Each structure stands twice: as C-alpha cells, then as structure tokens.
Amino acid sequence: MESGAVENWLSIVDQQVVIALLASGAFCIYALRVFASLTYTVKAPLVGYRSFIEPGWLVGWRFFNSSGTIINEGYRKYKKSMFKVQRNDGEILIISNDHIDQIRSLPEHHVSGLAAHIKNLSGPSTNTRILLEGDLPTRVIQRKLTPKLAGLAQHMKKELEYALEVEVPPCQDEWICVSIHDILLRLVARVSARVFLGPVACRNEEWVSTSIRYTENIYEVLITLRMLPSYLHRIVAPMLPAYWRLRANLATAKRIICPIVQERQSAGHNKDGCSAADDLLQWSMDMGNANEREPDKLAHRQLLLSMAAVHTSSMSATHAIYDLCAYPKYFAPLREELNSILENCDGWVKPVIPKLRKLDSFLKESQRINPPASISFNRIVCEPLRLADGTIIPPGTHIAMASDAILNDPEYLPGGNVDFDPFRWVRLREDPAHPENVHRYQFAVTDSNNLHFGHGKYACPGRFYASQQIKMILGHLILRYDFKYPEGQGRPRNLYSDENIYPDPAARVLIRRRSKE
C-alpha cells in the first residue's frame, strides 16, 4: 500500500475514533445523569413524559414550550403530595404548599433561595454569580429603601413627570398606536435610575439603555441555553452574540458608575457624618464591607438591581394596561379613586399610595391571572431536608411550588370563582365581618397561597418598592390618557418559555391624551 493511501486510511480511522470517543463520552454523561436521577433523588412521578423511551432532552423541550400545561396537569393529580418536571438544566421537584411554613424560615445554608436564583439565571454563563458573594442588595433594600419609600415618593413623581414628557409621544385629540410595553419599560427604567443613582446620573441615556439591554441580553442567553442540556451550556454560551453583549453592558456600567463612586469616596461625608447623596448607590457604599464597596462590584450590583426592578415591574404594569383595555369598565372606578384620594391628600404625598386600594386590588388580580412564572418559592436543598410527612429530600434537589395553579384553585382562592374579578381583594380587605383582613390581600403581601413574590424570610425584598412604583406610574397614565385596543383586536396572549410568563411586547394599544386629568 502506498504511503499516501496509508495516511488517508489512518486519517479516516482517526476521525472514526474521535467520533466514537465523543459519542461514548456523550452516552456516558447521559447514562450517569439517568443513573443519578434514579438513585439520588426523591421518588416522585415525573409529569410531561409521553413514553418511557423518550430521552430527557425531549421532555425538557416539551416543558420549555408547554410548562403551564405540564405543571397544571401535575398539580391536578398530585397537589397534596409532590411531582417532578423536567427542565433541560435538571429536574424540579414541585412540592405541596402545605410544607411552606416549615421551609420558609429555614436558613440559607439549609435550603438556598439564592442558589436556586443563580441556577435559574444560568449564573456561570450570565455573569450573575457575584450575587453569591454577599447579601448587600438585600440588606440595603430592607434597611434603607423600604423604610424610605414614603420620602422617595416626591422624587419618583418628579422623575416620572419628566419621563412621561420624554417617552410618551404627543397624542392630544387623536388616537395613536404605541407599544405600551416599550413605553413602560423606559418609564420604569428612568424612575428606578432616579432612586438607584440619584438626580444627575438618572438622566444619562446610556445608563438607561444599558439597564434595559442588560436584562434583555441575560434572557436571550438564558432562553437559548434552556433549550439545551446543562452540560452543553459552557460550550454554547460563548458562541452567542448576547453573551458578549452582556460583557459590553457590564463594561459600560463600570465606565459610568465607577467615576461616581470614586468622586463620592473622595468627597467623604459632611460635618454631620452623612453623605450628601441619598440614593441606593450611596446606601450600598455606606453599608458594604471593603470588598462590597469596590467600584467595579458596586457597578455590577447596580446592573443586577436594575434587572430585578425594571423588567419585572414593567411587565406587571403592561399586564395591567392590557387587562384594562380588555375590561374598559374598570377605568372609571380607578380614576374616581385616584381623583378622590389625590384631592384629599394634596397630590402624590406621603399617605397616597397605601390608600389606593382599588388599584392595589386590580394589580393583584392582574398578577393572579398573568403571573411572572408558573412556579415560585424556588430553593436548592443544601442539607438533607425531612418534611413533616417523613419525606427526606437529598442535597442538590431543586424544589419549588406551583404558585400559578394554587391561585387558580377554588380551594385556595377566596370566593372560589377563578374568573377575572379585579376588586375581589379590596372587598375582602373592607369586609366588616373580618377586620383582620385590612392588611391582608395586598399586592405586595405574601402568604402560603400567594407566592408570586415568594414567601417568608427570603421573599422578594423589593416588592414594596415595586408596588409603589407601579401604582404611581399607572395612576399617572390612567388619569392622563385614554387607552383601547385597535379595532378588531383583543388582549394579546401571554408568551411562555419554561416556567416564565411574559406579556407580548409586540402587541399594540391606542392611546390619546385626555382633555382633563
């Protein structure tokens, strides 16, 4: 045999060997994952399979496209016990909310909400693992932001007035077609920037755009990776353009925020020992340890706080506008409440927001029908967890609860009627037979059945700020503008990816400036 032919033959053999090794490696990884899932997890029915011979990735793909249907099926069959669903990055054990009082106050080293959050964000691929370095954002929100909400109302209103003039196109005496989702996104981003960075930086268009695009890029990476098994994430992620845009967003944030931090550090404090700045960035500088106060890390955390605040609040507000356009008879009672309370309170001053009970009820019902996700109360078990029924959940298990199905279950929903009833919650709060309800059933209040903000020690710390911001924005929009759907169109259907639920950003509504606010 000639030497050239031998070399060609060896080359072909080498290629075949490489292919065989890769195939063997992939099969071994798959077999180990199957073995681990059978050996080291809780024995619970896996919902979503159509045939026992289906590979896990196919079931994960089905969950990606039809999670709501799969979770609702599991809940109907096993709501008092538990079941599993298959996401492409691993199984999730859905447990009954009967266990919530046992789990909700367990320490982070026992069951970790933060670890579950990082997993849900594909942390290694989206550069969000900085959240594991400490709880500075939570401390600042709980100890500074929430107690200061009443005092921040005027700053938020002033920035909102500016944002409305900049972001809403002129529509006096005529109906124009707009993307209310995009408008709300920028309104929320501008108002949040005022609270987070102060009155100067909040007008920086580059920051406003970056705070919006950062979250969009995270979810573009996340949604793509969720279509694939987790062992491929580190390989595929760097191939995605959004992966690199994320890093560009972070570089922009550092370029904008680091000089602000350094300037404030140089300026120090005034004679009373206080900083002249009074925003979330400054509170983070004051409360952080030496590592947390590093300018780069402060900038990174500001982006992550914007991710948590901007898109979640804008989606809730978008759902509310979509629901109002679908049920326009509720514009009048909401405007009547707003006008009455604003007149009696001399405008948007301290006591206004808590008094907007109808608006609060509308938001809560809109969230019930259009939740941010079909599951909530995500936790990663870090130490063996023995439930009250004797079930032992091993470390590494991802647990959650079927929050959407629970609030659409007549057994748990007050009144039992699952149809859209936006004032159900205000009726419950004002029921004279149950005075204890006056502080229950609020948009930002959680309990064992209302889990969209989580529940217990690690419930969403920013939910009270989000509630105030959404109500202020919607209140201004409802009083200032009329809304309706274009002729022949109705409420757009929600979009789904895995357990996440979104309002359709491509939907359009008609808007017109009202003659009298």
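Right above here is the structure, for reference.
Being a predicted model, the structure only gives us computed values, none of them experimental.

Participant: Looking at this model, I keep getting lost on the overall build of the protein chain. Mind explaining?
Facilitator: Looking only at helices and strands, the protein chain features 19 helices and 13 strands. Against the globule reference of 24 Å for 517 residues, the protein chain gives a C-alpha radius of gyration of 25 Å, in line with a compact fold. If one aligns the C-alpha atoms of the protein chain with their principal axes, the spans along those axes are about 95 × 60 × 50 Å. Taking all 517 residues of the protein chain together, the buried fraction comes to 53%. Long-range contacts, defined here as pairs at least 24 residues apart, represent 75% of the contacts in the protein chain between residues at least 6 apart. If you sum the accessible surface of the protein chain, you get close to 23,700 Å²; carbon and sulfur atoms cover 56% of it. Seen as two clouds, the 61 positive and the 55 negative side-chain charges of the protein chain have centres 3 Å apart.

Participant: How should the sheet that holds strand β10 (residues 481-484) be read in this particular structure?
Facilitator: Sheet strands pair by backbone hydrogen bonding; their relative direction is either parallel or antiparallel. Spatially, the 3 strands line up as an open sheet ordered β5-β13-β10, and their pairing is antiparallel. Only two strands of the sheet have a single neighbouring strand rather than two, namely β5 (176-178) and β10. For this sheet, the mean angle separating the axes of adjacent strands, direction not counted, is 35°. Bridge count between β10 and strand β13 (residues 509-513): 4 bridges; the pairing is antiparallel. Along β13, the bridge assignment pairs Tyr 481 with Arg 513.

Participant: Would you mind going over the environment of Ile 130 with me for this structure?
Facilitator: You can see Ile 130 is positioned in the loop between α5 (123-126) and α6 (136-145). Sequence separation between Ile 130 and Tyr 219 is 89 residues, and the spatial gap between their C-alpha atoms is 17 Å. If sequence neighbours within four positions are ignored, Ile 130 has contacts with Lys 297, His 300, Arg 301 and Leu 304.

Participant: Explain helix α8 (residues 180-197) to me, please; I cannot follow it from the model alone.
Facilitator: One full turn of an α-helix is made of 3.6 residues, so residues set three or four places apart face in the same direction. Here α8 spans 25 Å end to end across 18 residues, near enough to the 26 Å set by a 1.5 Å rise per residue. The element α8 is largely enclosed, with a buried count of 17 among its 18 residues. A positive phi of about 100° marks Gly 198, the residue just after α8.

Participant: For this particular structure, what's the right way to read the sheet that holds strand β2 (residues 82-87)?
Facilitator: Strand order in the open sheet made by the 6 strands is β1-β2-β3-β9-β6-β4, with mixed pairing throughout. Two strands lie at the open edges of the sheet, namely β1 (46-47) and β4 (111-112), each paired on one side alone. Bridge analysis of β1 against β2 gives 2 bridges, and the strand direction is parallel. Opposite Leu 46, over in β2, you have Lys 84 as the bridge partner. In this fold helix α2 (residues 56-78) packs onto β1 and β2, with an angle of close to 160° to the strand it touches most, β2.

Participant: Just to check I follow, could you spell out the pattern of salt bridges for this structure?
Facilitator: For side chains bearing opposite charge, pairing can occur when the charged atoms are close. Scanning the model with the defined rule gives 38 salt bridges in all. One salt bridge connects Arg 87 with Asp 89, and the closest N-O pair in it is separated by 2.7 Å. Note that Arg 190 and Glu 167 form a salt bridge whose closest N and O atoms lie 2.7 Å from each other. Linking Arg 190 in helix α8 with Glu 167 in helix α7 (residues 149-167), this pair joins segments that are 23 residues apart in sequence. Given a relative accessible area of 4%, Arg 190 falls into the buried group. Relative accessible area serves as the criterion here: at 15%, Glu 167 is assigned to the buried category. Connected through salt bridges with shared partners, the residues Lys 79, Lys 80, Asp 98, Asp 409 and Glu 411 form a single ionic network.

Participant: Help me out: how do you make sense of the nonpolar core in this one?
Facilitator: Ranked by internal contacts, the top residues of the largest apolar core, which has 103 residues, are Leu 145, Leu 187 and Phe 483. At 14 residues, helix α13 (residues 295-326) tops the list of elements feeding residues into this core. Discounting chain neighbours no more than four positions away, the residues touching Leu 187 are Leu 160, Ala 163, Leu 164, Glu 167, Ile 473 and Leu 477.

Participant: Whenever I open this one, the side chain of Ser 67 confuses me. Can you help?
Facilitator: For Ser 67, the position within the fold is in helix α2. Setting aside residues no more than four positions away along its own chain, Ser 67 makes contact with Arg 62, Ser 374, Asp 498 and Glu 499.

Conventions and cut-offs
- Residues numbered from 1 in each chain as written.
- Predicted model: local features only at pLDDT ≥ 70, side-chain atom pairs only at ≥ 80, totals over all residues.
- Heavy atoms only, no water.
- Helix = DSSP H or I, 4+ residues; strand = E, 2+ residues; numbered from the N terminus.
- Rg over C-alpha atoms; globule rule 2.2 N^0.38 Å.
- Buried < 20%, exposed > 50% of the residue type's maximum accessible area, 1.4 Å probe, protein only.
- Contact = heavy atoms within 4.5 Å.
- Areas by Shrake-Rupley, 256 points an atom, 1.4 Å probe, with all protein chains shown as cover.
- Lys, Arg positive; Asp, Glu negative; His and termini not counted.
- Charge placed at Lys NZ, Arg CZ, Asp CG, Glu CD.
- Pairing = 2+ DSSP bridges.
- Axes fitted to C-alpha atoms, helices over the stretch in contact; angles between N-to-C directions.
- Expected span 1.5 Å × (residues − 1).
- Salt bridge = Lys/Arg side-chain N within 4 Å of Asp/Glu carboxyl O.
- Core = buried A, V, L, I, M, F, W, Y, C linked by side-chain atoms within 4.5 Å.

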